[in-house]
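Results of the structural survey
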Amino acid sequence: MTQLRHSDPLYPIGSYPHTAWQVNKTTVSMLENPKPVVKVELNCQPQHVIFDLNKTAIMIIDMQNDFCTAKGWVDHIGGNYEIDRKPIAPLQQLLPTLRAHDVPVVWVNWGNRSDLANSPANQHHLYKPTGVGIGLGEPLPEHGAKVLEKNSWAASIVDELCPESQDILVDKYRISGFWDTELDSILRNLNIKTILFAGVNTDQCVLHTLTDANFLGYGCILLEDCCATSSPDFCTTATLWNVKKCFGFISNSNALEAAISQLQEEVNE
């Protein structure tokens, strides 16, 4: 076997430096170059949680015009889209802090194919249950944007939460962001172990993406003030109870900001 000489340079290959291989003509090093552990102690329910900020991502679900903006699909059917705008302000405050600590921001939104080729009848029923009205991929009468179609205004993230260039965007086609998407592969390639959950609707797409994340082995923390739903209040109550009982932990953006600020204080001491 050819021995690696100290003078032989190794070249990184991979999407992210901390999970890349190092290679040259004679050698492949599969040893990762992990980020240092950044221990965060977060006040949660039902227990306090300690996690590594360098193995954490925030996942923001369905903060898009069809659900959260006037003249979107929810507004068109007479729903209260304004309730789903509740996460905007806390996310505007929180995201710069997370980005400053190199926490990946992952946007998971309905973004259907224009031909809806992978959308079975039960998904059409979700949006057009009586067969009458405006359903998936059909233009809204107010401006012609097609409901939840990829690259349409209807499926776009609200203006107030414009993604930045380093953020990751994943299209989903079901209530769960993990079903038939590349989401799990991306998170594993980033070496993510803990996911912070935000978005709408708390009791629907947020909950079921969170439960699938739990089943896949991720640690799940729902940021209550960064989530919202237009469903009746008992749906939120049940969701929070179930998350605490079975699937993860509940906290909020203020507690998270405080925990991250504590890191800064420890560094400065």
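The structure reproduced in this document is the subject of the present report. (Residues numbered from 1 in each chain as written. Predicted model: local features only at pLDDT ≥ 70, side-chain atom pairs only at ≥ 80, totals over all residues. Heavy atoms only, no water.)

**With respect to helix α7 (residues 233-247)**
The following threshold applies: Only runs of H or I of at least four residues qualify as helices and only runs of E of at least two qualify as strands under DSSP, and these elements are numbered from the N terminus. A helix's residues, less one, multiplied by 1.5 Å, set its expected span. To sort residues, take the accessible area from a 1.4 Å probe on protein chains only and compare it with the maximum for the residue type: under 20% means buried, over 50% means exposed, and anything in between is partly exposed. The directions from the helix axis to the C-beta atoms form the arc being described.
Helix length check: α7, at 15 residues, gives a terminal C-alpha distance of 20 Å against a target of 21 Å (1.5 Å per residue), a fit within 8%. Within α7, the full set of buried residues consists of Cys-235, Thr-239, Leu-240, Val-243 and Phe-247. Looking straight down α7, one finds that the buried residues subtend no more than 130° of arc, so they occupy a single side. For α7, exposure combined with an orientation more than 90 degrees from the buried face picks out Asp-233, Phe-234, Thr-237, Trp-241 and Lys-245.

**Some words on the environment of Ser-253**
Going by this rule: Note on contacts: a residue pair qualifies if any of its non-hydrogen atoms lie within 4.5 Å across the two residues. Polar contact criterion, stated in full: a pair of N or O atoms within 3.5 Å, where within protein one must be able to donate a hydrogen and the other to accept it, and residues adjacent in sequence count only if both atoms are side-chain atoms.
Within the secondary structure layout, Ser-253 lies in helix α8 (residues 253-268). Sequence-wise, Ser-253 and Ile-88 are 165 residues apart; in three dimensions their C-alpha atoms are separated by 12 Å. Ignoring any residue separated from it by four or fewer positions in sequence, one finds Ser-253 in contact with Pro-90, Leu-94, Leu-223, Asp-225 and Cys-226. Reaching out from Ser-253, the side chain makes a polar contact with the side chain of Asp-225 at a distance of 2.4 Å.

**Section: the packing of helix α6 (residues 202-215) against α7**
What counts, and what does not: For helices, the axis comes from a line fit to the C-alpha atoms of the stretch in contact; other axes are also lines fit to C-alpha atoms, and the angle between any two N-to-C directions lies between 0 and 180 degrees. Here the angle decides the label: under 35 degrees means roughly parallel, over 145 means roughly antiparallel, 65 to 115 means roughly perpendicular, and every other value means oblique. The nonpolar class holds Ala, Val, Leu, Ile, Met, Phe, Trp, Tyr, Cys and Pro. Asp, Glu, Lys and Arg form the charged class, and all remaining residues, Gly among them, are polar.
The geometry of α6 relative to α7 is characterised by a closest axis approach of 11 Å and an angle of 5° between their N-to-C directions. Considered as vectors, α6 and α7 are oriented roughly parallel to each other. Residues Thr-202, Asp-203, Leu-207, Leu-210, Thr-211, Asn-214 and Phe-215 of α6 touch α7, and the partners they reach there are Cys-235, Thr-239, Val-243, Cys-246 and Phe-247. Residue composition of the contact of α6 with α7, grouped by class: seven nonpolar, four polar and one charged.

**Topic: the state of the cysteines**
Keep this limit in mind: In this description, a disulfide is simply a cysteine sulfur pair whose atoms lie within 2.5 Å.
Enumeration according to the criterion identifies zero disulfides in this entry. For the unlinked cysteine Cys-162, the closest cysteine sulfur is that of Cys-68, found at 15 Å. Looking at Cys-205, it has no disulfide partner, and the nearest cysteine sulfur is the one in Cys-68, 11 Å off.

**Observations concerning the pattern of salt bridges**
Going by this rule: Put simply, a salt bridge is a Lys or Arg side-chain nitrogen that is within 4 Å of an Asp or Glu carboxyl oxygen.
One pass over the structure, following the stated rule, counts 10 salt bridges. Between Lys-39 and Glu-41 there is a salt bridge; the shortest N-O distance is 3.8 Å. Among the ionic pairs, Lys-150 bridges to Asp-171, the shortest N-O distance being 2.5 Å. Separated by 21 residues along the polypeptide, Lys-150 in the loop between α4 (121-127) and β8 (168-172) and Asp-171 in strand β8 bring together distant segments of the chain. In this structure Lys-150 comes out as partly exposed when scored by relative accessible area, which is 41%. Three or more residues joined by partner-sharing salt bridges are found here, namely Arg-99, Glu-164 and Asp-167.

**As for the sheet that holds strand β6 (residues 56-61)**
Put simply, the rule reads: Here, a strand pair is defined by DSSP locating no fewer than two bridges between the strands.
An order of β8-β7-β6-β9-β10-β11 is seen for the six strands of this open sheet, with the pairing classed as parallel. Because the sheet does not close on itself, it has two edges, and the strands there are β8 and β11 (249-251). Between one strand axis and the next, the sheet turns by 25° as a mean value, whatever way the strands run. Sheet topology note: the strand β10 (residues 219-228)/β11 ladder contains three bridges and is parallel. Of the residues in β11, the one forming a bridge with Ile-221 is Phe-249. Running over the sheet, helix α3 (residues 88-100) touches β6, β7 (105-110), β9 (194-200) and β10 and is turned about 150° from β6.

All we've got here are geometric facts, nothing functional implied.
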